[in-house]
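Examining the three-dimensional arrangement
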Protein chains: 2
Amino acid sequence: MSRAQQKERTRKAIIEAAFSQLSAEKSFASLSLREVAREAGIAPTSFYRHFADMDELGLTLVDEAGLMLRQLMRQARQRIEKNGSVISTSIETFMEFVTGNSNVFRLLLRERSGTSAAFRAAVAREIQHFSAELAHYLRKETACPDDLAQLQAEAMVTLVFHTGADALDAPPEQYAKLSNRTIMQLRWLAHGAASYGRHKLKD
Amino acid sequence: MSRAQQKERTRKAIIEAAFSQLSAEKSFASLSLREVAREAGIAPTSFYRHFADMDELGLTLVDEAGLMLRQLMRQARQRIEKNGSVISTSIETFMEFVTGNSNVFRLLLRERSGTSAAFRAAVAREIQHFSAELAHYLRKETACPDDLAQLQAEAMVTLVFHTGADALDAPPEQYAKLSNRTIMQLRWLAHGAASYGRHKLKD
DNA sequence: ACTTTGAGCTTACAACTGTAAGCCAATTTA
DNA sequence: TAAATTGGCTTACAGTTGTAAGCTCAAAGT
């Protein structure tokens, strides 16, 4: 195996180890370099051959999470084309993401309000992508001005994220209820924005 | 000074010390018992005369924060009586709270999705109070069914909290813009809920 | 007046942390 | 083939952490 391949392999192992140690009870901030290195099967100091410090690893994890989010959007896009309903399709897709990759979602959720400004900015960027994408659809469907669509999309994403967070602490039999509640909220938003949209946005 | 008085005094000192160490860069989880004790002016082991562990202190802080939130609601109630506009008065009051007690708000914001289930539950309870109170007003103003008012209030609180979080990372000259954006979103919600409310809520 | 209580202290320990210094061996380059 | 590079290792150190054990001494109780 080539040198570069091997290096990439253990780099992946580190990332993998970090993700696998995240849980409901353990946040990224509470991971230790030594623990991660141990699980990745390397000596503590070897960690530095790949990342300058834990922060650099953390940003990598956030990027990785953002990537998954973008894959999710692609998936949602296809479903919307087929299904038609933007709102319920979006939230269904998102809930699948949350329940299927709860640690990844938790990372975004926590670092969004974490102690590192860089992390917060990184997460905000990823979420921004997400809602811009949604705004695109809203524009197409409701034909409202760009900034209104964006504002509407941001509100929707906020509500959906919050529902995802709730789902993490709820038993699975409540997922449907949570989704339905959120769908109702999103419909209110869409309806309100459509009929109330003529009012100008002040700044 | 009586024994009990003195005890209460250092207890307050511990709580005070903990709050004062919270910041944008430091979360409750990253506080250490020893640091807190040092700032409170007691020996590390004396901490245990007041709290079984840091978790117990944390729950106390959350309760304290909830108290401030409830005081805030009382204040908002008065303002609403006088001013009339539920939405803009509410968010203005809330933004004052966020900017004036940013560490307290940050505590709630972070522990809402933190690593302790007990903390999460405690914060959820406080926020629940908050939105129930808002629901009360919505019911009075829009005369819609109880569960719809509650659902609407929860959406509103979610959006307002999120705006508060944004404000923490934004320069003060953007507060007005953030507020206006959120007011717009809340109006959409209110408008949508009012005209769309006849549709039944499934579960 | 005598005893009990308990807040706060000092000392001590074992566990863990991040990371510096430097060696080894295998791949890559010249 | 010889030299250079580098991923991974071991060892080591200084710092921090939570908390156990036990003392002191002033307030409270009898």
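About the criteria used
- Residues numbered from 1 in each chain as written.
- Chains lettered and ligands numbered in written order.
- Predicted model: local features only at pLDDT ≥ 70, side-chain atom pairs only at ≥ 80, totals over all residues.
- Heavy atoms only, no water.
- Helix = DSSP H or I, 4+ residues; strand = E, 2+ residues; numbered from the N terminus.
- Buried < 20%, exposed > 50% of the residue type's maximum accessible area, 1.4 Å probe, protein only.
- Contact = heavy atoms within 4.5 Å.
- Buried area = accessible area lost by both parts, 1.4 Å probe.
- Salt bridge = Lys/Arg side-chain N within 4 Å of Asp/Glu carboxyl O.
- Polar contact = N/O pair within 3.5 Å; in protein donor to acceptor, adjacent residues only side chain to side chain.
- Nonpolar A, V, L, I, M, F, W, Y, C, P; charged D, E, K, R; others polar.
- Least-squares fit on C-alpha atoms with pLDDT ≥ 70 in both.
- Near = heavy atom within 4 Å.

1. Notes on the overall build of chain A
Looking only at helices and strands, chain A features eight helices and zero strands. With the C-alpha coordinates aligned to their principal axes, the bounding extent of chain A is approximately 60 × 40 × 35 Å. Looking at chain A as a whole, 48% of its 203 residues qualify as buried. Partitioning the contacts of chain A with sequence separation of at least 6, the portion at a separation of at least 24 is 61%.

2. Some thoughts on the interface of chain A and chain B
In this assembly, 37 residues from chain A lie in contact with 35 residues from chain B. For the chain A face of the interface with chain B, the top three residues by lost area are Thr115(A), Trp188(A) and Tyr196(A), together amounting to 20%. Of the charged contacts, one joins Glu154(B) and Arg181(A) as a salt bridge, the two residues approaching to 2.1 Å between their closest N and O atoms. Summed over the shared surface of chain A and chain B, the number is 12 residue pairs in polar contact (both at pLDDT 80 or more). When contributions to the side of chain A that touches chain B are tallied by element, the ones reaching two or more residues are α5 (102-111), α7 (146-168) and α8 (175-196) of chain A. Of all the elements, α8(A) adds the most residues to the side of chain A that touches chain B, at 13 residues. Partitioning the side of chain A that touches chain B into residue classes produces 12 nonpolar, 12 polar and 13 charged.

3. Brief notes about the relation of the copies chain A and chain B
Mapping chain A onto chain B calls for a rotation angle of 180° and an axial translation of 0.0 Å; the resulting RMSD is 0.0 Å. Classification of the inter-copy transformation places it as that of a two-fold axis. The rotation axis passes nearest to the C-alpha of Gly192(A) in chain A, at a distance of 2.0 Å. Same-surface contact between copies: 95% of interface residues of chain A are shared with the interface of chain B.

4. Structural notes on the protein's contact with DNA strand D
The environment of DNA strand D is formed by 21 residues, the closest being Arg3(A), Ala43(A), Arg49(A), His50(A) and Arg34(B). The protein-proximal atoms of DNA strand D, defined as those within 4 Å of the protein, are 51% sugar or phosphate. One of the side-chain nitrogen or oxygen atoms of Thr45(A) is found 2.6 Å away from a base oxygen of DNA strand D. Broken down by secondary-structure element, the contributors of at least two residues to the surface near DNA strand D are α1 (3-21) of chain A together with α2 (33-40) of chain B. Counting residues per element, the surface near DNA strand D draws most heavily on α2(B), which supplies four residues.

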